[in-house]
Amino acid sequence: MTEPVAVHPLVSPWGRFGLYSFFIDAPEPAIVDTGIASSPADGMIPALEKLGRRIEDVRWILLTHGHIDHLGGAHALWELTGRRAKVVIHEADAPLLRSRRAHVDQYVGVRQQYLDNSDAVAEQTKAANQVISGEMEPTLLVKGGETLSLGGDVTVSVHHIPGHTAGSVAYVVDGQQSVFVGDAVQIHGAANGFPGYEDPAAYRASLTYLRDEIRPQHLYLGHPYRNADGVPYGVELDREAARRALQGSLDLEARIDDAARRHLREGPQETDSVYSPFAPVAEELGYTGDPTLEPSPFFTTLHGYRTQFNPDLLAEELRNHE
C-alpha cells in the first residue's frame, strides 16, 4: 500500500452510549459495523456528505459481530448502496443477521435465567423488530484468515477473535495495522461498568493474540470503553493507548476469573441480592453497577464462567441449541 488509507468514525446516538461505525476511505469504500436501523440514514449519510463522500458508493459492509447495535443497520445500509455492497460476517454470528428471533433466543438462553422480568421476551422482541432494519443473508461468510480487496492495493485481513461473541472478528487494514475490533476489547466495560463476553477463555486468548500477534498501530473500538476510574478511552486509539487497553482488558479478566473460580466452583449461590446468584463475585470485585440494565454484561459474563466451571451445564446448553 503506497499511502495510508483514511479512517473516519461515524457516530449514532442510542441509549446510554453512542454507537460507532467506521468509514474506510478505500477505492472500494467500506463501512465497519452499521449501528441500528436509523443509523445509516440519520447518521452516516450526513457524516459522509461532510467528507465529500456518498453512501451510494460504499462497496463493503464489514460486521465485527452479530449484536443488535452493530448489525441493526446492515439491511438499511445495503439498500442505500443500491444493494451493491458486499455484507461480510463470521459464520458463527450469521444467524443473528438472518433472523431477529435469534436475538430473542439468545436472550432467553442466558440473561432470562437471572433477570426477573416477565415482560422480557416481549420487550426483546419489540426491540429486535424496531432496531434491526431487516433480516438478510450475508454476501460473504468468513472464518478468519481471509483477505478482502478494497480496490487498488488496499487489502483487509480477517482475524477470528471470539470471546465477546462466538463470531467476533477483527478487520486489519494491511500495511498500516489499523485494526477494527467492534466490542472484542472491553477494558472495564461501557455504560454498565462491567466487561461483557460470552466465553471467558476465548476472550482471554483473543486479547493475547491482538496484543502479541496483531500489535495494532491504530485500534478502533465500537464504544468508548472505560478505564478503572470510569474515564472513557475514546474509540480511536494510537499504538500506546491500544497496548494499555489490551493489557487492561487482560488484567481485569484475570481478576474476574480468579474471583469466579473461588466463588462458583461450589455452584451459584441464590440470595436476595440484585447480583444473585453471583453476588460474592460482585462484592469481591467492588462492582456496584445496575446489572438489570440492558445490555446486561454482568450476567452474560458470569454465566460464561459458570458454564466454564460446570461442564454438565455447558453440555446441557449445547443440547438445547441442537
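Residues numbered from 1 in each chain as written. Predicted model: local features only at pLDDT ≥ 70, side-chain atom pairs only at ≥ 80, totals over all residues. Heavy atoms only, no water.

Thoughts on the environment of Glu135
- Relative to the elements of secondary structure, Glu135 occurs in the loop between α6 (120-131) and β6 (140-142).
- Among residues more than four places away in sequence, those in contact with Glu135 are His75, Leu97, Arg98, Ser99, Arg100 and Arg101.
- Among the polar contacts made by the side chain of Glu135, one reaches the main-chain amide nitrogen of Arg100 at a distance of 2.9 Å. (Helix = DSSP H or I, 4+ residues; strand = E, 2+ residues; numbered from the N terminus. Contact = heavy atoms within 4.5 Å. Polar contact = N/O pair within 3.5 Å; in protein donor to acceptor, adjacent residues only side chain to side chain.)

Focus on the environment of Ala128
- By the element assignment, Ala128 lies in helix α6.
- For the pair Ala128 and Ile36, spaced 92 residues apart in sequence, the C-alpha to C-alpha distance is 9.9 Å.

Focus: unusual backbone geometry
- Each neighbour pair has its own omega, and for Ser276 with Pro277 the value is 5°, a cis peptide bond.
- With respect to the element layout, Pro277 can be found in the loop between α8 (239-264) and α9 (279-285).
- In the Ramachandran plot, Asp33 falls in the positive-phi region, its phi being about 65° despite a non-glycine side chain.
- Examined against the element boundaries, Asp33 turns out to sit in the loop between β3 (30-32) and α1 (39-50).
- One non-glycine residue with positive phi stands out, namely Arg215, at about 50°.
- Structurally, the position occupied by Arg215 is in the loop between α7 (200-214) and β11 (218-221).
- A residue is classified by how much of its surface remains accessible, and Arg215, at 56% relative accessible area, is exposed. (Buried < 20%, exposed > 50% of the residue type's maximum accessible area, 1.4 Å probe, protein only.)

Concerning the side chain of Ser276
- Looking at the secondary structure, you find Ser276 in the loop between α8 and α9.
- The exposure class assigned to Ser276 is buried, which follows from its relative accessible area of 8%.
- Here Thr271 takes part through its backbone nitrogen, which lies 3.0 Å from a polar atom of the side chain of Ser276.

Some points on the packing of α8 against helix α10 (residues 297-309)
- As a packed pair, α8 and α10 sit with axes 10 Å apart at the nearest point and diverge in direction by 55°. By the angle between their directions, the pair α8 and α10 is classed as oblique. The way α8 lies across α10 gives a crossing that is right-handed. For the pair α8 and α10, the contacting residues are Glu253, Ile256, Asp257, Ala260, Arg261 and Leu264 in the first and Leu302, Tyr305, Arg306, Gln308 and Phe309 in the second.
- The class makeup of the residues in the contact of α8 with α10 is six nonpolar, one polar and four charged. (Axes fitted to C-alpha atoms, helices over the stretch in contact; angles between N-to-C directions. Parallel < 35°, antiparallel > 145°, perpendicular 65-115°, else oblique. Left-handed = near helix turned anticlockwise from the far one by under 90°. Nonpolar A, V, L, I, M, F, W, Y, C, P; charged D, E, K, R; others polar.)

Interpretation in functional terms is not warranted from these geometric data alone.
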